[in-house]
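Here is what each chain is made of, one letter per residue.
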Amino acid sequence: MPESSPPLLELKKITVGYRQPVVSDLSLAFGRGLFVSLLGANGSGKTTLLRTISKHIKPLSGQAFINGQALDDIKPANLAKILSVVLTDRSSAPMLRSLEFVALGRHPHSDFLGRLSDRDLTVVESALAAVQGANLADRFVDELSDGERQKIVLARALAQEPTLLLLDEPTAHLDLRHRLEILAILRRLCRSRNLSVLAAVHDVESAAKVSDLTLTIKDGKLTAFGQPETILTPESVRELYSCPQANFDSALGGLEMASDGQAGRAFVLAGQDTGALMCRLLAKRGYALVTGFLHASDLDAHVATALGARVLTVDAKPAPGSATPSEKPLDKIDPDFNFLFDQAIKELTHCDLLAVAPLSPATPESLIQIRARLWERAKSLGLPILELGSNGDLSPIIEALDRLTPAHSKVAA
Amino acid sequence: MEAVLNAKLFTRRLTSRRILVFYLLFALTLTLMVINLCVGSISFPLQQIFETLLNPSGSGDLNFIVWKIRLPRTLATVMGGAFLAVSGLLLQVYFRNPIVGPFILGISSGATLLVSLVMLTSLGLRLTYVTPFLTTIAGCLGAYGVMILVVAIAAKVRQGATLLIVGLMMGYLCGAVTSILTALAEKEKIKGFVLWGMGSFSGFKWVEIGILAVLGGGLVMAIFLLTKPLNAFLLGEEYAASMGVNIRRFRLFILIAASALAGLVTSMAGPVAFIGLAVPHMARLSFGTSDNRILAPGACLLGAVVTSLCDLIARMWLNPVELPISAITAFFGAPVVIGLLIKKGARM
């Protein structure tokens, strides 16, 4: 695409809303072939913005342009050939086979009587193929599962042959498999058909993983617009949803809920990549966490940090949350890990519990020593010790936790 | 694993099945029309009926019965049934609601109100110069009065559900006035009025047939031509708008066309219940689709079939006593709809 061509969608200081402004002074532009996700809390105006772009409602001020043409000047019948929508409305049409449902999307292209030409049918065929829904063609739409139905709804939108596809929460109510499937299909369409997707997405994890660009709306303003890798940080996500417990890990692209620490404090001796699971389990039970001894770049360390844990790292510069930790092992500087041990003992005295994961095979001798000394100290402090066997079976740990926090087990029973 | 889809073959297969259903319904309509001409308080053999039909200027009892009584009635039944069914279909699609029928917006109540004015009060006595068409004109004024009100309100109200409630309220309002008039009326006038309120295709005059054919036929043709945007409405107004349909204009068209058709039939035949509500469902089930390009003509034919059959039963069951058509449509139609729904596990 030449540099000079206008952007596919451009918003210039647009204010959207019904009578009162919901989102004000929003400006942005993007081209073709991109997956753009729209993030914001419930009621932040995601749907209102989409409805304005789809011309369902008029902007209160400002202007929208599609391919450089003002939205006001595009006739609805022509707009329908450029832009199609997938709404949250569970559009149920009774007694309509999937193929007929998808063919409804040919409306802007078919003749006055709505007769389908051979080309129309070819497009319908390819739309069904694009969503891997050819096997659903004969089924009635209202007999489909939520996931299958969403594919057909998407295929209908594709049958309009849009260059801009607007979707309002396309994966709401879908199970994991269908959520991933729909997102993968959308991503593929961006590449293969060179169309752009603008989707209001409710879960930040999916948005981070699939989108090329992300825009976030908060308090009636566009708060960020750019690559999700740069704009989605733990702070910005917490801020976006006004949710202080949420810890977004940009490396993993996942959300963890920090523990409130009501059940007490637990020390987790991590190892063999089981630390992450143990930490999450304890955080769910309400324990504040301390964990060691890890490289800051370990998976365990990422999860533990996101869970709000204090992580004792074996890196030269213990810098929790730092993006580029030094991977140089501490034992090259401080062979006995004395410094680490002192820290750990101090933490342990404030803990109510010690959880121990099996050792990973490559653990240096000095670290094994420290673990043993820590274990002894916990015993002498009278702390309950939960030890995970080398088979990684978490159920004994869960049973032990049930005994420690009986209130929880009652709920479970 | 992925099934290979040939959309052309697929649609051709569906279409050929549907064409078969069309032929079947068309044949049924013709058969029922002929039966309706043949049988009655005096029945005539088929050949005699055909001879009379080919010789309109003849004389005699048979000629009178066929040309003045049975043929107008048969035509009125066919057209009335077709129009009511299409009217119901339009409103069911527009409101996306399966229990909507042509009278949901108060059309029949408006007609009934004005008819009660002329039939139950002494008002009718002063209007003797239009006597033959008195109830028809009153019904027409009532139906279209309500229609104009509803459409005017529809221009202000966006929500379909709100409009439904407005229509229901109109119905109650008119019903209330009618009840008061009934309470005050003389006893002997009431029976006639109650019978009118149950509908009948008897006593149609050729003028009325002409009006019904020209106006109703015109409206139905317009509806056939606009089944494409009607299909877009299957997904709701929002999707229809996103596919380039002018929602405002089209919803007014739907409301006016549906009410005008229902009003036309009601003013001449009285409120014939059930056809407009049930036939669209029957059509959906027999054609196996919600595609209005098929359903609109399909509902027409099926409406004609069902109404003709019901009129035949109404005339013949307790012959020579004629039963009100609404009683028959509901008595025989309701179990049929329930049965179809259960058997096909169909969803509205």
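Just so it is clear, the structure is predicted and the values come from calculations on it, not from any experiment. (Residues numbered from 1 in each chain as written. Chains lettered and ligands numbered in written order. Predicted model: local features only at pLDDT ≥ 70, side-chain atom pairs only at ≥ 80, totals over all residues. Heavy atoms only, no water.)

### Thoughts on the overall build of chain A
And step 1. Each helix and strand counted, chain A has 15 helices and 17 strands in total.
And step 2. Taken along its principal axes, the extent of the C-alpha atoms in chain A is 85 × 45 × 40 Å.
And step 3. Here chain A, with 413 residues, has 53% of them falling under the buried criterion.
And step 4. Pairs at least 24 apart in sequence give 66% of the contacts found in chain A among residues at least 6 apart.
And step 5. Positive and negative charge centroids in chain A, built from 44 and 48 side chains respectively, lie 5 Å apart. (Helix = DSSP H or I, 4+ residues; strand = E, 2+ residues; numbered from the N terminus. Buried < 20%, exposed > 50% of the residue type's maximum accessible area, 1.4 Å probe, protein only. Contact = heavy atoms within 4.5 Å. Lys, Arg positive; Asp, Glu negative; His and termini not counted. Charge placed at Lys NZ, Arg CZ, Asp CG, Glu CD.)

### Remarks on the interface of chain A and chain B
And step 1. The interface is formed by 46 residues belonging to chain A together with 36 residues belonging to chain B.
And step 2. With both chains or domains summed, chain A and chain B bury close to 3600 Å², and 60% of this area falls on carbon and sulfur atoms.
And step 3. The interface formed by chain A and chain B contains 4 salt bridges.
And step 4. At the junction of chain A with chain B, the criterion picks out 12 residue pairs in polar contact (both at pLDDT 80 or more).
And step 5. Those elements that provide at least two residues to the side of chain A that touches chain B are α2 (76-82), β6 (83-86), α3 (98-103), α4 (118-130) and α5 (146-159) of chain A.
And step 6. Of all the elements, α4 of chain A adds the most residues to the side of chain A that touches chain B, at 4 residues.
And step 7. Split by residue class, the side of chain A that touches chain B holds 23 nonpolar, 11 polar and 12 charged. (Buried area = accessible area lost by both parts, 1.4 Å probe. Salt bridge = Lys/Arg side-chain N within 4 Å of Asp/Glu carboxyl O. Polar contact = N/O pair within 3.5 Å; in protein donor to acceptor, adjacent residues only side chain to side chain. Nonpolar A, V, L, I, M, F, W, Y, C, P; charged D, E, K, R; others polar.)

### Let's talk about a positive patch on the surface
And step 1. Among the surface-exposed residues, Lys55 and Lys58 of chain A together with Arg158 and Arg248 of chain B lie close enough to one another that they form a single positively charged patch.
And step 2. Structurally, arginine 158 of chain B is set in the loop between α6 (134-156) and α7 (160-184). (Patch = residues over 30% accessible without salt bridge, like charges linked within 9 Å, V, L, I, M, F, W, Y side chains within 5 Å. Areas by Shrake-Rupley, 256 points an atom, 1.4 Å probe, with all protein chains shown as cover.)

### Examining the sheet that holds strand β9 (residues 213-218) of chain A
Residues and elements named next belong to chain A.
And step 1. The 6 strands lie next to each other as β6-β7-β8-β3-β9-β10, forming an open sheet whose pairing is mixed. Each end of this open sheet is capped by a strand with a single partner; those strands are β6 and β10 (221-226). The sheet shows a mean angle of 15 degrees between the axes of neighbouring strands, direction not considered.
And step 2. In the sheet, β9 pairs with β10 via 5 bridges, with the strands oriented antiparallel. The partner of leucine 215 across the bridge, within β10, is phenylalanine 225.
And step 3. Taken strand by strand, α5 contacts β6 and β7 (164-168), and its axis lies near 165 degrees from that of β6. (Pairing = 2+ DSSP bridges. Axes fitted to C-alpha atoms, helices over the stretch in contact; angles between N-to-C directions.)

### Describing the sheet that holds strand β16 (residues 353-356) of chain A
Residue and element names in this part refer to chain A.
And step 1. Read across the open sheet, the 5 strands follow the order β15-β14-β13-β16-β17; overall the sheet is parallel. With one partner strand each, in any of the chains shown, β15 (310-313) and β17 (385-387) form the two edges of the open sheet. Here the strands of the sheet are splayed against their neighbours by 20 degrees on average, with no regard to which way each runs.
And step 2. Bridge count between strand β13 (residues 264-269) and β16: 4 bridges; the pairing is parallel. Paired with leucine 269 across the two strands is valine 356, which belongs to β16.
And step 3. Helix-sheet contacts for helix α12 (residues 338-348) involve β13, β14 (287-294), β15 and β16, and the interaxial angle to β15 is about 155 degrees.

### Regarding unusual backbone geometry
A negative phi angle characterises most non-glycine residues, just as the trans form characterises most peptide bonds.
And step 1. That bond from asparagine 319 of chain B to proline 320 of chain B is cis: its omega, 10 degrees, falls within 30 degrees of zero.
And step 2. Within the element layout of this structure, proline 320 of chain B appears in the loop between α14 (292-316) and α15 (325-344).
And step 3. Phi angles above zero are rare outside glycine, and glutamine 132 of chain A is one such case at about 55 degrees.
And step 4. As for its placement among the helices and strands, glutamine 132 of chain A is situated in the loop between α4 and α5.
And step 5. Assessed through its relative accessible area of 29%, glutamine 132 of chain A is described here as partly exposed.
And step 6. Here arginine 96 of chain B, not a glycine, exhibits a phi torsion of approximately 50 degrees, which is positive.
And step 7. Mapped onto the secondary structure, arginine 96 of chain B falls in the loop between α3 (61-95) and α4 (107-120).
And step 8. The partly exposed category is assigned to arginine 96 of chain B, whose relative accessible area is 37%.

### Some words on the side chain of threonine 227 of chain B
And step 1. With respect to the helices and strands, the residue threonine 227 of chain B is situated in helix α10 (residues 227-232).
And step 2. Filtering out sequence-adjacent residues up to four positions away, threonine 227 of chain B remains in contact with Asn292, Arg293 and Ala296 of chain B.

### Let's talk about the environment of lysine 189 of chain B
Residue and element names in this part refer to chain B.
And step 1. The topology assignment puts lysine 189 in helix α8 (residues 187-196).
And step 2. In sequence terms lysine 189 and threonine 121 are 68 residues apart; their C-alpha atoms lie 8.8 Å from each other.
And step 3. Excluding anything up to four places from it in sequence, lysine 189 contacts Met119, Leu120, Thr121 and Ser122.

### Some points on the domain arrangement of chain A
And step 1. Domain annotation for chain A reports domain 1 (9-241) and domain 2 (258-412).
And step 2. Centre-to-centre, using C-alpha coordinates, domain 1 of chain A lies 44 Å away from domain 2 of chain A. (Domains from an automatic or database assignment.)

### Considering helix α14 (residues 395-404) of chain A
Residues and elements named next belong to chain A.
And step 1. If you check which residues of α14 are buried, you get Ile397, Ala400 and Leu401. Projected down its long axis, α14 shows its buried positions confined to an angular sector of 100 degrees, all on one face.
And step 2. Next to the buried residues of α14 lie α10 (275-284), β14, β16 and β17. (Arc of directions from axis to C-beta.)

### A word on the nonpolar core
And step 1. Judged by nonpolar contacts, the single largest core of 180 residues is most densely connected at Leu164 and Leu198 of chain A together with Phe95 of chain B.
And step 2. Once residues lying within four places of it in the same chain are set aside, the contact partners of leucine 198 of chain A are Leu9, Phe30, Val36, Leu38, Leu50, Ile53, Leu164, Leu165, Leu166, Leu167 and Leu215 of chain A.
And step 3. With 27 residues, the next largest nonpolar core counts Met278, Leu281, Leu307 and Ala309 of chain A among its residues. (Core = buried A, V, L, I, M, F, W, Y, C linked by side-chain atoms within 4.5 Å.)

### As for the packing of α4 of chain B against α6 of chain B
Residue and element names in this part refer to chain B.
And step 1. At a closest axis distance of 7 Å, the pairing of α4 and α6 adopts a crossing angle of 140 degrees. By the criterion of interaxial angle, the relationship of α4 to α6 is oblique. Both α4 and α6 take part in a crossing whose hand is right-handed. Two secondary-structure elements touch here, α4 through Ile107, Gly110, Ala111, Leu114, Val115, Val118 and Met119 and α6 through Leu134, Thr135, Ala138, Gly139, Leu141, Gly142, Ala143, Val146 and Met147.
And step 2. Across the contact of α4 with α6, the residue classes break down as 12 nonpolar, 4 polar and no charged. (Parallel < 35°, antiparallel > 145°, perpendicular 65-115°, else oblique. Left-handed = near helix turned anticlockwise from the far one by under 90°.)

### With respect to the environment of glycine 392 of chain A
And step 1. In this structure, glycine 392 of chain A sits in the loop between β17 and α14.
And step 2. The partly exposed category is assigned to glycine 392 of chain A, whose relative accessible area is 32%.

### Some points on the pattern of salt bridges
And step 1. Summed over all chains, the structure comprises 23 salt bridges over all chains.
And step 2. With its nearest N and O atoms 3.7 Å apart, the salt bridge here joins glutamate 186 of chain B to lysine 189 of chain B.
And step 3. For lysine 189 of chain B, a relative accessible area of 23% corresponds to the partly exposed category.
And step 4. Through salt bridges with shared partners, a single ionic network connects Arg106, Arg119, Asp120 and Glu161 of chain A.

### Focus: the packing of α3 of chain B against helix α9 (residues 206-225) of chain B
All names here are of chain B.
And step 1. The geometry of α3 relative to α9 is characterised by a closest axis approach of 10 Å and an angle of 25 degrees between their N-to-C directions. Classified by the interaxial angle, the pair formed by α3 and α9 is roughly parallel. At the point where α3 passes α9, the crossing takes the left-handed sense. Facing α3, whose interface residues are Trp67, Leu71, Pro72, Leu75, Ala76, Met79, Phe83, Val86 and Leu90, α9 presents Trp206, Ile209, Leu212, Ala213, Gly216, Gly217, Val220 and Ile223.
And step 2. Grouping the constituent residues of the contact of α3 with α9 by class yields 15 nonpolar, 2 polar and no charged.

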